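# Observations on the model geometry
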Amino acid sequence: MVRKFLYLIAFCIVLYLGARLALQFYPGALSRLAFVPREKFVPQKPLATKVYADPKMWISRPGLADDPARWAPQGAPAQVPPVRAAVFFIHPTSLLTAAHWNASLDDGATNERARLFVRGLASPFAGATEIWAPRYRQAAFGAFLTDDPAGKRALDAAYADVVLAFDQFLASIPDDEPIVLAGHSQGSFHLIRLLHERVAGKPLAKRIAAVYAIGWPVSLERDLPGMGFPACARADQAGCVVSYLSFADPADPGMMLDAWARQPGLDGQPHKGSTVLCSNPLTGGIGGSAPASANLGTLVPDLTLANGALATGAVGASCRPDGMLSIGAGYAMGPYVLPGENYHVYDIPLFWANVRADFARRVAAWKR
């Protein structure tokens with residue numbers, strides 16, 4: 001019996017190592033196999049125009065009890081005085097199965113992951129007088145990994161929900177309040193389009209204090225002109241865009257860049273071959289390097305991603321020639337580092353306190 005048990009343990013170890021090895025060498029193929037839905041795309045029924053007037057359609061908004069975006073990690077001082085601004089935050093993909101092209105609004109597991117993501121990724125903006133993060137029928141992770149037209153249709157359906165939420169957000173905030181737009185991953189993908197279609201060149205643009213499109217590449221040639229705002233070149237600049245994607249060394253961003261290349265730029269041209277914006281969250285500028293000593297606090301999560309503590313001086317940041325942000329040899333953030341040393345899940349937590357300070361500084365600059 002003992003020998004059989006040892007054989008089973010040995011088999012499991014070999015299986016695990018084999019899976020890790022396969023994922024290392026064939027991340028794209030295996031990810032498509034695991035995450036691209038095989039069902040026929042079923043068009044989403046449009047939501048009612050005023051559906052986002054219902055507080056239940058929001059993960060975070062003023063007046064909600066136990067608001068995950070208002071959470072603060074251990075070691076974070078209170079932000080006094082509060083930052084007078086309204087933040088609209090679009091959460092990343094939390095639908096991580098291949099069962100459907102779009103998430104259902106009553107999918108419990110997907111909704112709980114979305115709350116966790118808002119807790120860790122939107123909390124640097126918790127000092128704002130208002131913070132809003134909508135629930136939406138997000139596209140499956142696999143929608144980014146395929147050339148199947150169903151992937152684009154799923155993303156379009158998710159974006160339609162975001163637009164309705166954004167309209168409700170604008171109708172609910174004071175007319176003279178500065179606005180900060182933020183997102184991560186799929187959230188940033190939709191945010192880039194939202195800026196192009198609903199903000200750029202319109203009177204609303206004058207109210208935008210800052211844009212944080214993190215975790216999805218922004219092309220300097222194909223996207224940034226259509227977004228209507230320049231990249232943030234200085235730490236004290238307002239009305240500009242911050243964007244970066246975090247990798248440890250040796251980095252392999254191929255899988256991320258392949259997903260990006262499947263999507264055309266805002267000008268309709270292919271992304272491939274264009275320059276990726278790399279904002280440095282430790283300097284507030286474009287490109288360059290900064291040592292770990294400039295890091296005001298990395299949010300190191302526990303295994304559940306529900307709690308964590310700040311560690312100062314944990315990681316530095318330097319922009320690579322390919323536009324990715326390098327954190328050096330890496331840092332023990334948890335088990336969710338993706339293939340290619342991709343710290344995607346931790347883009348904002350790696351620089352949590354710096355993003356928090358950056359947000360307050362840019363709103364202050366807008367007011368000046």
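Everything numeric in this text was worked out from a predicted model, so none of it was measured.

### Here we look at the overall build of the protein
- Looking only at helices and strands, the protein features 8 helices and 14 strands.
- Relative to its length of 368 residues, the protein is compact, with a C-alpha radius of gyration of 20 Å against a globular reference of 21 Å.
- Scored against the burial criterion, the 368 residues of the protein give a buried share of 53%.
- Counting only contacts in the protein whose residues sit at least 6 apart along the sequence, the fraction spanning at least 24 positions is 78%.
- For the protein, the accessible area works out to roughly 16,300 Å², and carbon and sulfur atoms hold 61% of it.
- Averaged over its 34 positive side-chain charges, the protein has a centre that lies 2 Å from the centre of its 29 negative ones.

### Here we look at the pairing of strand β12 (residues 308-311)
- Looking at chain direction, strand β11 (residues 298-301) and β12 are connected through 4 bridges and run antiparallel. Bridge assignment links Pro301 to a residue of β12, and that residue is Gly308.
- Here β11 hands over to β12 after 6 residues, with Leu305 in that stretch at a positive phi of 65°.

### Details of the sheet that holds strand β2 (residues 83-90)
- Strand order in the open sheet formed by 6 strands is β1-β3-β2-β4-β5-β6, with mixed pairing between adjacent strands. The sheet terminates laterally at β1 (58-60) and β6 (241-242), the two strands that pair on one side only.
- Here strand β5 (residues 208-214) pairs with β6 via 2 bridges, running parallel. Note on β6: the bridge partner recorded for Val211 is Val241.

### A short note on the pattern of salt bridges
- Taken as a whole and judged by the stated rule, the model has 13 salt bridges.
- The salt bridge partner of Arg193 is Asp156, with a shortest N-O separation of 2.9 Å. Residue Arg193 is located in helix α5 (residues 186-199), and its partner Asp156 is located in helix α4 (residues 149-172); the two are separated by 37 residues in the primary sequence.
- Residue classification places Arg193 among the partly exposed positions, given a relative accessible area of 27%.
- What makes Asp156 partly exposed here is its relative accessible area of 26%.
- As a salt-bridge pair, Asp167 and Arg198 come within 2.7 Å of each other at their nearest N and O atoms. With Asp167 in helix α4 and Arg198 in helix α5, this pair connects stretches of sequence that are 31 residues apart.
- Taking the relative accessible area as the measure of exposure, Asp167 reaches 30% and is therefore partly exposed.
- Using a relative accessible area of 29% as the deciding quantity, one classes Arg198 as partly exposed.
- Overlapping salt bridges bring together Lys152, Asp156, Arg193 and Glu197 as one network.

### Re the sheet that holds strand β14 (residues 325-326)
- One open sheet accounts for 4 strands, arranged β7-β14-β13-β10; its pairing is mixed. Here the strands that pair on one side only, and so sit at the sheet edges, are β7 (246-247) and β10 (289-290).
- Pairing of strand β13 (residues 317-319) with β14 involves 2 bridges; the strand directions are antiparallel. The residue bridging Cys319 from the neighbouring strand is Leu325, located in β14.

### Details of the state of the cysteines
- Counted under the stated rule, the structure contains 2 disulfides.
- Across the disulfide, Cys232 is cross-linked to Cys240 (sulfur-sulfur distance 2.0 Å). An S-S torsion of about 95° defines the bridge between Cys232 and Cys240 as right-handed. Cys240 carries the same exposure label as Cys232, and that label is buried.
- Here Cys278 engages in a disulfide with Cys319; their sulfurs sit 2.0 Å apart. Between Cys278 and Cys319 the sulfur-sulfur dihedral comes to about -85°; the bridge is accordingly left-handed. On the criterion of sequence distance, the pair formed by Cys278 in the loop between α7 (254-261) and β8 (279-280) and Cys319 in strand β13 is long-range, its members being 41 residues apart.
- We classify Cys278 as buried; its relative accessible area is 5%.

### Details of the packing of α4 against α5
- Two numbers describe how α4 lies on α5: the axes approach to 10 Å, and their chain directions differ by 60°. By the angle between their axes, α4 is oblique relative to α5. For α4 against α5, the interelement crossing comes out right-handed. Contact residues: α4 offers Leu155, Asp156, Ala158, Tyr159, Val162, Val163, Phe166 and Asp167, while α5 offers Gln186, Phe189, His190, Arg193, Leu194, Glu197, Arg198 and Val199.
- For the contact of α4 with α5, the per-class residue count stands at 9 nonpolar, 2 polar and 5 charged.

Calculation criteria
Residues numbered from 1 in each chain as written. Predicted model: local features only at pLDDT ≥ 70, side-chain atom pairs only at ≥ 80, totals over all residues. Heavy atoms only, no water. Helix = DSSP H or I, 4+ residues; strand = E, 2+ residues; numbered from the N terminus. Rg over C-alpha atoms; globule rule 2.2 N^0.38 Å. Buried < 20%, exposed > 50% of the residue type's maximum accessible area, 1.4 Å probe, protein only. Contact = heavy atoms within 4.5 Å. Areas by Shrake-Rupley, 256 points an atom, 1.4 Å probe, with all protein chains shown as cover. Lys, Arg positive; Asp, Glu negative; His and termini not counted. Charge placed at Lys NZ, Arg CZ, Asp CG, Glu CD. Pairing = 2+ DSSP bridges. Salt bridge = Lys/Arg side-chain N within 4 Å of Asp/Glu carboxyl O. Disulfide = S-S within 2.5 Å. Axes fitted to C-alpha atoms, helices over the stretch in contact; angles between N-to-C directions. Parallel < 35°, antiparallel > 145°, perpendicular 65-115°, else oblique. Left-handed = near helix turned anticlockwise from the far one by under 90°. Nonpolar A, V, L, I, M, F, W, Y, C, P; charged D, E, K, R; others polar.

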